[in-house]
Amino acid sequence: MCGVVGVQHHPEASRLAYLMLYALQHRGQESGGIVASDGSQLIRHVGMGLVADIFTPQTLAPLKGNLAIGHVRYSTAGDTTLRNAQPLLAHTSHGVLAVAHNGNLTNALTIRKNLENSGSIFQTTSDTECILHLIARSKAKTLRDAILEALAQVEGSYSLVFCTKKELIAARDPYGVRPLVLGKLGKATMICSETCALDLVGAKFVREIKPGELVYVNGGGIKSTIFAQRPQTAHCSFENIYFARPDGVLFGKSVYQVRTELGRQLAREAPAKADVVVAVPDSANVAAVGYAEESGIPYGLGLIRSHYIGRTFIEPSQTIRDFGARIKYNAVREALKGKSIVLIDDSIVRGTTSRKLVRILRRVGVKAIHMRISSPPIIGSCYYGIDTPTKKELIASNYTVPEIRDYLGVDSLAYLSVEGLLKCCGGSQKSFCVGCFTDQYPVPLMDFSKKDLKPVC
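In this report, we go over the structure that sits alongside the text. (Residues numbered from 1 in each chain as written. Predicted model: local features only at pLDDT ≥ 70, side-chain atom pairs only at ≥ 80, totals over all residues. Heavy atoms only, no water.)

A few points about the environment of Ala85
- Relative to the helices and strands, Ala85 resides in the loop between β4 (67-73) and β5 (88-92).
- Put simply, Ala85 and Ile209 are 124 residues apart on the chain and 24 Å apart in space, counted from C-alpha to C-alpha.
- When neighbours within four sequence positions are excluded, Ala85 is seen to be in contact with Ser31, Arg44 and Val46. (Helix = DSSP H or I, 4+ residues; strand = E, 2+ residues; numbered from the N terminus. Contact = heavy atoms within 4.5 Å.)

Looking at helix α1 (residues 13-23)
- Taking burial as the measure, the 11 residues of α1 include eight buried ones, the bulk of the element.
- Along α1, the positions that sit buried rather than exposed are Ala13, Ser14, Leu16, Ala17, Tyr18, Met20, Leu21 and Ala23. (Buried < 20%, exposed > 50% of the residue type's maximum accessible area, 1.4 Å probe, protein only.)

Things to note about the pairing of strand β21 (residues 340-345)
- Within β21, six of the six residues are buried, which leaves the element mostly enclosed by the surrounding structure.
- Residue alternation in β21 divides its side chains into two sets, Ser340, Val342 and Ile344 and Ile341, Leu343 and Asp345, and both sets are buried.
- Alignment of strand β17 (residues 276-279) against β21, held across four bridges, turns out to be parallel. Looking across to β21, one finds that Val276 is bridged to Ile341.
- By the bridge criterion, six bridges tie β21 to strand β22 (residues 368-373) in an arrangement that is parallel. Among the inter-strand pairings, Ser340 is bridged to a residue of β22, identified as Ala368.
- For the handedness criterion, the β-α-β arrangement of β21, helix α13 (residues 352-363) and β22 is classed as right-handed. (Pairing = 2+ DSSP bridges. Right-handed = clockwise from strand over helix to strand, strands pointing away.)

Some details on the packing of aromatic side chains
- For the structure on display, the rule yields nine aromatic pairs.
- With a centroid separation of 5.9 Å and 75° between ring planes, the pair formed by Tyr18 and Phe55 is classed as edge-to-face. Residue Tyr18 is found in helix α1, and its partner Phe55 is found in the loop between α2 (51-54) and α3 (57-60); the two are separated by 37 residues along the sequence. There is no split in this pair, since Tyr18 and Phe55 are both buried. (Phe/Tyr/Trp six-rings, centres within 6.5 Å; stacked < 30°, edge-to-face > 60°.)

As for helix α10 (residues 285-295)
- Of the positions making up α10, those classed as buried are Val286, Ala287, Ala288, Gly290, Tyr291 and Ala292.
- Looking at the buried side of α10, the elements it contacts are α9 (255-269), β17, β18 (299-300), β21 and β22.
- Positive phi appears at Gly296, one or two residues downstream of α10, with a value of about 80°.

Focus: empty space enclosed by the protein
- The final tally for this structure, using the stated rule, is four cavities of 30 Å³ or more.
- Within this model, the largest cavity holds a volume of roughly 90 Å³.
- Lining the largest cavity are 14 residues, with Cys236, Cys382, Ile386, Cys433 and Cys436 sitting closest to its centre.
- Elements supplying a minimum of two residues to the lining of the largest cavity: α8 (237-243) and α17 (435-438).
- Each residue belonging to the lining of the largest cavity can be placed in one class, and the counts come to 10 nonpolar, three polar and one charged. (1 Å grid on protein atoms, 1.4 Å probe; cavity = no way out; pocket = protein on both sides within 12 Å on 5 of 7 lines; lining within 4 Å. Points joined across faces, edges and corners; volume = space filled by probe spheres on them. Nonpolar A, V, L, I, M, F, W, Y, C, P; charged D, E, K, R; others polar.)

A short note on the sheet that holds strand β7 (residues 156-163)
- Strand order in the open sheet formed by six strands is β5-β6-β7-β8-β12-β13, with antiparallel pairing between adjacent strands. Of all strands in the sheet, those with a lone pairing partner are β5 and β13 (221-226), marking the two edges. Across the sheet, the mean angle separating the axes of adjacent strands is 20° when strand polarity is ignored.
- Note that β7 and strand β8 (residues 168-172) share five bridges and pair antiparallel. Residue Leu160 lies in a different strand from β8, and its bridge partner there is Ala171.
- The sheet strands contacting helix α5 (residues 128-137) are β5, β6 (95-105) and β7, and the helix crosses β6 at an angle near 140°. (Axes fitted to C-alpha atoms, helices over the stretch in contact; angles between N-to-C directions.)

Points about the layout of surface pockets
- Volume-wise, the second largest pocket comes out at about 210 Å³.
- For the second largest pocket, the lining is made up of 14 residues, of which Leu89, Ala90, Gln123, Glu129 and Leu132 are closest to its centre.
- Going through the elements one at a time, β5 and α5 are the ones with two or more residues in the lining of the second largest pocket.
- Counting residues per element, the lining of the second largest pocket draws most heavily on β5, at five residues.
- Residues belonging to the lining of the second largest pocket are distributed by class as follows: six nonpolar, five polar and three charged.

Topic: the environment of Ala234
- Position of Ala234 relative to the elements: it lies in the loop between β13 and β14 (235-236).
- For Ala234, a relative accessible area of 0% gives the class buried.
- Between the C-alpha atom of Ala234 and that of Val177, which follows or precedes it by 57 residues, the distance is 5.2 Å.
- Those residues within four positions of Ala234 in sequence are excluded, and the remaining contacts are Tyr175, Gly176, Val177, Ser431, Phe432, Cys433, Pro442 and Val443.

Here we look at a nonpolar patch on the surface
- On the surface, a nonpolar cluster with roughly 260 Å² of combined accessible area is contributed by Leu19, Tyr22 and Leu200.
- The residue Leu19 is located in helix α1 in this model. (Patch = residues over 30% accessible without salt bridge, like charges linked within 9 Å, V, L, I, M, F, W, Y side chains within 5 Å. Areas by Shrake-Rupley, 256 points an atom, 1.4 Å probe, with all protein chains shown as cover. Salt bridge = Lys/Arg side-chain N within 4 Å of Asp/Glu carboxyl O.)

Here we look at the pairing of β4
- Among the seven residues that make up β4, seven are buried, leaving the element largely enclosed by the rest of the structure.
- What you see with β4 is no split at all: Leu67, Ile69, His71 and Arg73 on one side and Ala68, Gly70 and Val72 on the other are buried throughout.
- Across six bridges, the pairing between strand β1 (residues 3-8) and β4 is antiparallel. If you follow Gln8 over to β4, its bridge partner there is Leu67.
- Here seven bridges tie strand β2 (residues 31-37) to β4, and the two strands are oriented antiparallel to one another. The residue of β4 that forms the bridge with Ser31 is Arg73.

Geometric descriptors of this kind do not, in isolation, establish any biological role.
Below, the structure is given as structure tokens:
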């Protein structure tokens, strides 16, 4: 995941970047940061935790200038430490350069090994630093050409924003795995991961950055070049299912409309007789609305989620069963007692949380639970920027649907088909990546074999 933002030609660039990171907080809660330029220097502030914890009026005050980039991190490659917080900053022969990255490089281990063998010294364990090293080592005469030379050497997924003292630069991988959009606020140019960040600051959505496109913004306005093309795209289908906010536009379609259609398609493929449709909040809310509309079964608020949950360091495992689920969710007894329900969730990964939720629902007297999942079974790990568990931990990779049904303790269980998912997203396997559902991956896995299920860089 991760979220990236860039602001150019605005006197309060860092403050706008800060607000935009708030809108992208769902894409990463581990760390965050902003680099700002006042035209003569780059000023960086990063920290661990949420945007509200990292930035205060005192920490924002030094971030002056009309150019800034920002990042919220969700780690898929590298340790959970402050040294991996982005944006990263480097001094090169082309001047000082900052970068923020959403995605995962699938050949980062090979690149890193080659660079270290030739004398490079790394300061982080993040795959993003490989890009900076490649840029720094380039013999190209301009920074833009050095970036293009570096991008020609990397594989995998990347939505990148760079800033120099005077220029904002963005690039998206040729497959377009992760989203990246362009916006305008008066004379200011905005680049960010999702349109919801533009909405928050009142900016206008202009268009998506194209797969394989490099965009650069300076005193001469917005310029772009297509540096690579592929015969197909590989937009991440899980963005539409879970990651992206429902109030945005993603891959050319409204996320809300796609998720509603996921629910409708699920109702067509896996109907159930029940009294009420209940969502596992919040990520399955919209799909549940679609299921209810298509099936004619009323939608009800049967589960309430607490939005104030951090890490639970002390779990009274012997005294309160299912503590981890109960601190996050609570069932509405009056809405559910004695009823048959269709329980909608966006996905099942390990199955442990779903099993606990089912027990919570049984305790309040739910008569029957028909569980419906608005995505296909997850049978493969992700190599492109999602911290998916190893294959042996994925319940659908090791058990049949009837076996999962019995493990969860539900009366019936059904998933959306891959064909139904692609239909709702408006594409095919030549336009969307469904690797986690099919174990077939469209972007080359340079540093991974079928046995390797986690990034190691």
